[in-house]
Amino acid sequence: MKNIIIEVKNLTKKFKNGDAELLAVNNVSFDIKKGEFIRIIGKSGSGKSTLLYQLGLLDKPTSGSIKISGVDTKLLNDKQRTEFRLTKLGYVFQDYALMPSLNAQENVMIPLLMGGNSTSFSKKQAQDALDKVGLKTKFNNYPSQLSGGEQQRVSIARAICNNPEIVFADEPTANLDTETTTLILNLINTLNKSGQTIVMVTHEADYTKSAKCVIKLSDGKIV
Amino acid sequence: MFYNSLKVGLFLAVREIKKSSILANGLIIMVMMLTFLNLMVGRGVLIGLPEGATNSFKTQYAGDLIITKLDNRKNILREKTILDEVEKNQTIQRYSTRYILMANFNADYKKAQTGTLEIDQTNAELVGIDFDKEDEVTNLSNYIVKGEYFNSSYQKGIVVGSSILGKYTSVEGVGNQTLNTPDVGDKIEVVVNGTKEVLPIIGVLTTKVSQVDRRVYIPKKVLKSMVSDSDYKIGEISIKVKPGNTVDDLKIKLDHYKKYAYIRTAEKAQPQFLSDIKVTFSILGDLIGTVGIIVASITLFIVIFVNAITKRRYIGILKGIGITNLAIEVSYVLQATFYSLVGSILGLVILYGYIVPYSIANPISFPFSDGIISADLKDTLVRTLILITSAIIAGYMPARMIVKQNTLDSILGR
Ligand SMILES: Nc1ncnc2c1ncn2[C@@H]1O[C@H](COP(=O)(O)OP(=O)(O)OP(=O)(O)O)[C@@H](O)[C@H]1O
Ligand SMILES: [Mg+2]
C-alpha cells in the first residue's frame with residue numbers, strides 16, 4: 001500500500017539485567033498510514049517509550065524491522081540514521097530537551113541550519129514555526145526564561161520546522177497543567193489536521209475511548 | 001553536509017561561550033593563561049640565566065667584537081694598522097683600547113719588606129684605559145660600588161675590581177689572592193715592570209664578569225708615564241657596532257688581521273664554561289618545557305573534558321534531533337581553540353608586556369649573570385602553537401568520546 005509510512009514487523013526490544021531478561025517490546029507488528037494520528041497508550045512500564053525510541057531511530061531494536069517511507073532502517077548506518085532523523089523525523093521529548101545555551105529561535109534554527117539552509121532563511125523559518133505555536137513574543141527568550149508549556153511549544157516548533165514526514169511525541173504534556181495540556185494537544189491536533197503524521201505516547205484517558213488509531217501496550221505486547 | 005556541520009559547529013560554539021557565565025569563562029581562560037605562562041617562564045628562566053651571562057660578558061667587557069692578543073704574545077701585533085682600520089670603519093660606533101700589563105699590588109708597602117707571606121699583596125692585570133671611551137663601551141662607571149670612577153679632574157689613581165679586595169669579595173683561594181686591608185681612599189703601591197708608584201684606590205667596581213672584577217684599571221696616561229714605550233702596547237680592543245650593522249660583517253672585514261690578534265665576536269670570546277652552561281641549561285629548559293607541554297595538555301584535557309561531560313545530555317539531544325557528530329565535535333574544538341587562544345594571547349601580553357620587561361629592569365642577580373627571562377619570540381610562538389594544538393586535541397577527544405556513545409543513553413543520562 002502506497003500510503004503506509006511506517007511498517008513495523010515483529011519488533012522486539014530486549015533488556016538484559018544480569019541474568020534477568022526483559023522484553024520491553026515483545027514481537028509487535030503494525031502499520032501507520034500517512035496523515036494518521038496514532039496514540040500509544042498503556043500502563044507505566046508497558047514499553048511505550050521504548051517502542052517510540054525504536055520508531056524514532058534513537059535506539060536499535062533487538063530484532064524485527066521498521067520500514068519508514070519504504071526504507072528499511074536496519075540498513076542505515078549511524079550517519080544515515082542521523083540524517084534520517086534530521087530530514088524525515090521530528091521528536092518531541094517529554095521534558096522538552098532544549099539547549100539551555102540557545103534562545104527559543106536559535107533552538108529551532110539548528111536543525112534548519114544543519115539541513116543546509118542559510119542563516120537568514122533559518123531564522124525566518126524558525127520565527128514562522130514559533131509563530132505557529134503561539135510564541136511570537138518569545139523568540140529571544142532562553143529556555144530558563146520560558147514556562148514549561150512554552151518550552152514544550154518550542155520543542156514542537158523545533159520538531160516541525162524541517163517539515164518532517166512523521167512527528168513523534170513522548171507524553172508531551174506529562175509535566176503540564178490541564179489548561180496548558182489542552183493548548184498543546186490542540187496544537188498537535190491542528191498539526192495533524194494539516195496533514196502531519198503524528199505518533200504520540202499519551203496517558204490521556206480521552207483517547208482510549210475511541211478505539212481508532214490507538215496502539216495499546218501491555219508488557220510490551222499490543223492488546 | 002561537511003560545510004553545514006562546520007556552520008552548525010560554529011553556531012553552537014559561539015552561543016555556548018556567550019551563554020557561559022563570566023566566571024566559568026574567566027576561570028577556563030585563566031587556567032589556559034597560567035598554563036601558558038608556566039610553560040614559558042620556567043624554561044625562560046633557565047635559558048635566560050646563561051643568556052644573561054652572555055649579555056653581561058658582552059655589555060660589561062667584550063662589546064660586540066673583541067680583538068685580543070694572541071696567546072703566545074704580550075700584546076696585539078700591528079696595533080697601529082688595526083687601530084687605523086678600526087678608526088676608519090663606518091660600522092663601528094665606539095671602541096675602547098686597553099693596555100694590559102701584569103702588576104703587583106702591595107698594601108703593606110710602608111712596612112719593612114721581610115718575608116712575602118705576611119705582606120698584604122697580590123698580582124693582577126693592570127689595565128690602562130681611556131676612561132671616557134671605556135665607559136662608552138662597557139659602562140664601567142655604572143658598576144662602581146664604592147668611591148668613584150675616573151673623571152678629568154680625578155684620575156691619578158686606580159679603580160679596582162671587587163675580586164681583588166678582601167672587603168668586597170668572598171671568592172678567595174689559590175687562584176684569587178686578595179688585598180685584605182685596603183679600601184677606597186687607601187693608597188697602595190703598584191709595581192709594574194720594576195717601576196713603583198703609590199696610588200690611591202678611588203673606586204671599587206663589581207660586574208658579572210669575573211675577568212673584569214679581577215682587574216685594576218688605571219687611566220692610560222698615568223700608565224704611559226710608568227712604563228717604557230715598548231711595554232705600553234694594546235692588549236685588547238672592545239668594539240661596539242652601530243645599530244643596523246651586523247657584527248659578523250665587521251668580523252669579516254677585520255678577519256685578515258687574525259695573524260696578529262684574535263678577532264672574535266662576544267659570543268665566541270666568552271669563556272667555555274658559559275657556552276657549556278648554555279647548552280646544559282637549554283637541554284634542561286627543553287626538558288622542563290616538554291614536561292610543561294604535557295602537563296598543560298593534561299590540564300586542558302581535564303578542563304575541557306569536565307566541560308564536555310556536563311554537557312553529555314545536550315550532546316545526546318543534538319544527535320537526537322539530527323545534528324551530525326562532526327558539527328558537535330567542531331563546536332567543542334572551536335570552544336577549546338577559543339579558550340586556549342584567548343588564554344595564550346593574554347599570556348603573551350603578560351609575558352611581553354610585563355614579565356620580560358620587568359625581568360630586564362630587575363634581573364635576578366646571580367654571581368655570574370643578571371638572569372633575565374628569555375622569551376625568544378619565534379620560540380614562544382612555536383610553543384603557543386603547540387599549546388593551542390594540544391588544546392584542540394583536548395577539546396576534540398572528549399567530544400568524540402561522548403558523540404560515539406549511544407544517543408539515547410546520553411539523552412537519558414544512563
Ligand atoms: N535501559 C533499560 N534497561 C533495562 N530495562 C529497561 C531499560 N529501559 C527500559 N527498561 C524497562 O523496560 C520496560 C518498559 O519501559 P518504558 O520506559 O518503555 O515504559 P513506559 O511504557 O514508557 O512507562 P512510563 O509510562 O512510565 O513512561 C520497563 O519495565 C523498564 O523498566
Ligand atoms: Mg515512558
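Predicted model only: the values in this text are computed from it and were never measured.

1. Some details on the overall build of chain A
The secondary structure content of chain A amounts to seven helices and ten strands. A compact globule built from 223 residues should have a C-alpha radius of gyration of about 17 Å, and chain A, at 17 Å, falls within 12% of that. If one aligns the C-alpha atoms of chain A with their principal axes, the spans along those axes are about 50 × 40 × 40 Å. In chain A, 71% of the contacts between residues at least 6 apart in sequence involve partners at least 24 apart. Summed over its atoms, the accessible surface of chain A is roughly 10300 Å², and 47% of this surface lies on carbon and sulfur atoms. With 29 positive and 22 negative side-chain charges, chain A shows a separation of 5 Å between the mean positions of the two kinds.

2. A few points about the nonpolar core
Counting 84 residues, the largest nonpolar core has Ile-6, Ile-110 and Val-199 of chain A as its most contacted members. Once residues lying within four places of it in the same chain are set aside, the contact partners of Ile-110 of chain A are Met-99 and Leu-102 of chain A together with Val-8, Phe-11, Leu-12, Leu-318, Ile-321 and Ile-323 of chain B. Core analysis: the next-biggest nonpolar cluster, separate from the first, contains 43 residues, Tyr-95, Leu-179, Val-190 and Leu-199 of chain B among them.

3. Quick word on the site of ligand 1
Residues in contact with ligand 1 amount to 13 residues; listed here are only the nearest, Ser-44, Gly-45, Lys-48, Ser-49 and Thr-50 of chain A. With respect to ligand 1, its neighbouring residues span chains A and B. Measuring from an oxygen atom of ligand 1, one finds a side-chain N or O atom of Ser-49 of chain A at 2.7 Å. Protein chains bury 67% of the 640 Å² of accessible surface belonging to ligand 1 in isolation. Elements with a contribution of two residues or more to the shell around ligand 1: strand S2 (20-33) and helix H1 (48-55) of chain A. Looking at which element gives the most residues to the shell around ligand 1, the answer is H1 of chain A, with three residues. A breakdown of the residues in the shell around ligand 1 according to their chemical character gives three nonpolar, six polar and four charged.

4. A look at the interface of chain A and chain B
Listed by partner, the interface residues are 28 residues for chain A and 26 residues for chain B. Interface of chain A and chain B: buried area, both sides summed, is about 2500 Å²; carbon and sulfur atoms make up 70% of it. Viewed at the interface, chain B and chain A are joined by two salt bridges. Close ionic contact of Arg-15 of chain B with Glu-106 of chain A constitutes a salt bridge, the shortest N to O distance being 2.8 Å.

5. Quick notes on the sheet that holds strand S1 (residues 4-17) of chain A
Residue and element names in this part refer to chain A. With antiparallel pairing, the four strands of this open sheet are ordered in space as S2-S1-S4-S5. Strands with a single pairing partner mark the edges of an open sheet, and in this sheet they are S2 and strand S5 (71-72). Both S1 and strand S4 (residues 63-68) contribute to a ladder of five bridges, which runs antiparallel. Paired with Ile-6 across the two strands is Ile-68, which belongs to S4.

6. Quick look at the confidence of the model for chain B
Residue and element names in this part refer to chain B. Counting all residues, the mean pLDDT for chain B is 89, and 97% of those residues have values of 70 or more. Strand S8 (residues 215-219) holds the highest mean pLDDT among the elements of chain B, 96, whereas strand S12 (residues 369-371) holds the lowest, 76. We note a pTM of 0.76 for the whole complex and an ipTM of 0.93 for its interfaces.

7. Considerations on the sheet that holds strand S6 (residues 89-92) of chain A
Residues and elements named next belong to chain A. Reading across from one edge, S6-S7-S8-S3-S9-S10 is the order of the six strands in this open sheet, with mixed pairing throughout. The open sheet has two edge strands, S6 and strand S10 (221-222), and neither has a second partner. Running over the sheet, H1 touches strand S3 (37-42), S6, strand S7 (166-170), strand S8 (197-201) and strand S9 (214-218) and is turned about 155° from S7. Its contacts with the sheet place helix H5 (residues 148-160) against S6 and S7, and it is angled at close to 170° to S6.

Conventions and cut-offs
Residues numbered from 1 in each chain as written. Chains lettered and ligands numbered in written order. Predicted model: local features only at pLDDT ≥ 70, side-chain atom pairs only at ≥ 80, totals over all residues. Heavy atoms only, no water. Helix = DSSP H or I, 4+ residues; strand = E, 2+ residues; numbered from the N terminus. Rg over C-alpha atoms; globule rule 2.2 N^0.38 Å. Contact = heavy atoms within 4.5 Å. Areas by Shrake-Rupley, 256 points an atom, 1.4 Å probe, with all protein chains shown as cover. Lys, Arg positive; Asp, Glu negative; His and termini not counted. Charge placed at Lys NZ, Arg CZ, Asp CG, Glu CD. Core = buried A, V, L, I, M, F, W, Y, C linked by side-chain atoms within 4.5 Å. Buried < 20%, exposed > 50% of the residue type's maximum accessible area, 1.4 Å probe, protein only. Near = heavy atom within 4 Å. Polar contact = N/O pair within 3.5 Å; in protein donor to acceptor, adjacent residues only side chain to side chain. Nonpolar A, V, L, I, M, F, W, Y, C, P; charged D, E, K, R; others polar. Buried area = accessible area lost by both parts, 1.4 Å probe. Salt bridge = Lys/Arg side-chain N within 4 Å of Asp/Glu carboxyl O. Pairing = 2+ DSSP bridges. pLDDT = per-residue confidence, 0-100. Axes fitted to C-alpha atoms, helices over the stretch in contact; angles between N-to-C directions.

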